[in-house]
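# Commentary on secondary and tertiary structure
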Amino acid sequence: TLAALVADGNGQKTNDGWDTLSIDVPEENLPPVISNLQITPVNPTSSDSLELNYDYFDDREQVDTSSITWFKNGLMAFEGNAQTEGIMEIDYSNTERGEVWSVQIIPNDGDMSGDIITTEITIINSKPIVSNLSIVPFGPSQNDDLVASWDEYDEDNDELTSLIKWYKNGTHQTELDGITTVSSSFTKENEEWYFSITLNDTYE
């Protein structure tokens, strides 16, 4: 706002005049900024879903409508904006070992776009999983063979090898390594037997 007075300098109020002028200066709309862009987990396996995280700043606090594009090995896989359902996460069913996943974000507040930012990760090997270990029969007598069983799974569908070790009263029985069935001739009454199993998918 500007106020101006024009006076003739005679010390009187006569022949003097004044007026005002007001103008509106619109606030500049700055483009939004995205920082701390990250795909988690940092070292994902094919068993992990990918989650996108970032910080969004807009000077007018407008809704984040940033453009988000996911690429798999350089080819566009999914695209949308920050308000698109599911765009912030890639389900593990879409990933395989060795793939390079990257994301490109163009910050946008509905009016202006900011600088493009990108990041990428590589899908690493998923370790094999062993579960449901058991020895049958569950209540063995001295005359029963001991049979080891377990379930195994590998997310990458790799061919698995296994190493089984038997222990009697806490002592490793090296001569039984690799054997799934322990003959009753090796066992005696009141002994405690257990086994350990290690899986390998040729990677780890």
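Check the entry above for the structure.
Residues numbered from 1 in each chain as written. Predicted model: local features only at pLDDT ≥ 70, side-chain atom pairs only at ≥ 80, totals over all residues. Heavy atoms only, no water.

### Considering the nonpolar core
Quick note on the threshold: Throughout this description, the term nonpolar core refers to a set of buried Ala, Val, Leu, Ile, Met, Phe, Trp, Tyr and Cys residues connected via side-chain atoms within 4.5 Å. The cut-offs for exposure are 20% and 50% of the maximum accessible area for each residue type, with area from a 1.4 Å probe on protein chains only; residues under the lower value are buried, those over the upper are exposed, and the others partly exposed. Note on conventions: DSSP H or I runs of at least 4 residues are helices, E runs of at least 2 residues are strands, and numbering of each starts at the N terminus.
Core analysis: the largest hydrophobic core is formed by 16 residues, its most contacted members being Leu50, Leu52, Tyr54, Ile68, Trp70 and Ile105. Listed by contribution, the elements that provide at least two residues to this core are strand 3 (33-40), strand 4 (50-57), strand 5 (67-72) and strand 8 (100-106). By size, the runner-up hydrophobic cluster in this structure holds 12 residues, among which are Leu146, Ala148, Ile164 and Phe195.

### A closer look at the sheet that holds strand 10 (residues 129-136)
What counts is decided by this rule: We call two strands paired when DSSP finds no fewer than two bridges between them.
If you trace the 3 strands from one edge of the open sheet to the other, you get 10-11-14, paired in antiparallel fashion. Bordering the open sheet on either side are strand 10 and strand 14 (181-182), each of which pairs with just one other strand. Pairing analysis gives 6 bridges linking strand 10 to strand 11 (residues 146-153), with the strands arranged antiparallel. Residue serine 131 lies in a different strand from strand 11, and its bridge partner there is aspartate 151.

### Points about the pattern of salt bridges
Where we set the bar: Think of a salt bridge as a Lys or Arg side-chain nitrogen and an Asp or Glu carboxyl oxygen that are within 4 Å of each other.
By the definition in use, this model includes 4 salt bridges. The shortest N-O distance in the salt bridge between glutamate 99 and lysine 72 comes to 4.0 Å. Linking glutamate 99 in the loop between strand 7 (89-90) and strand 8 with lysine 72 in strand 5, this pair joins segments that are 27 residues apart in sequence. Exposure remark for glutamate 99: the relative accessible area of 10% places this residue in the buried category. The exposure class of lysine 72 is partly exposed, given its relative accessible area of 30%. The residue aspartate 156 makes a salt bridge to arginine 97 at a minimum N-O spacing of 3.4 Å. Of this pair, aspartate 156 sits in the loop between strand 11 and strand 12 (161-168) while arginine 97 sits in the loop between strand 7 and strand 8, placing them 59 residues apart in sequence. The network of salt bridges with common partners includes Arg97, Asp156 and Asp158.

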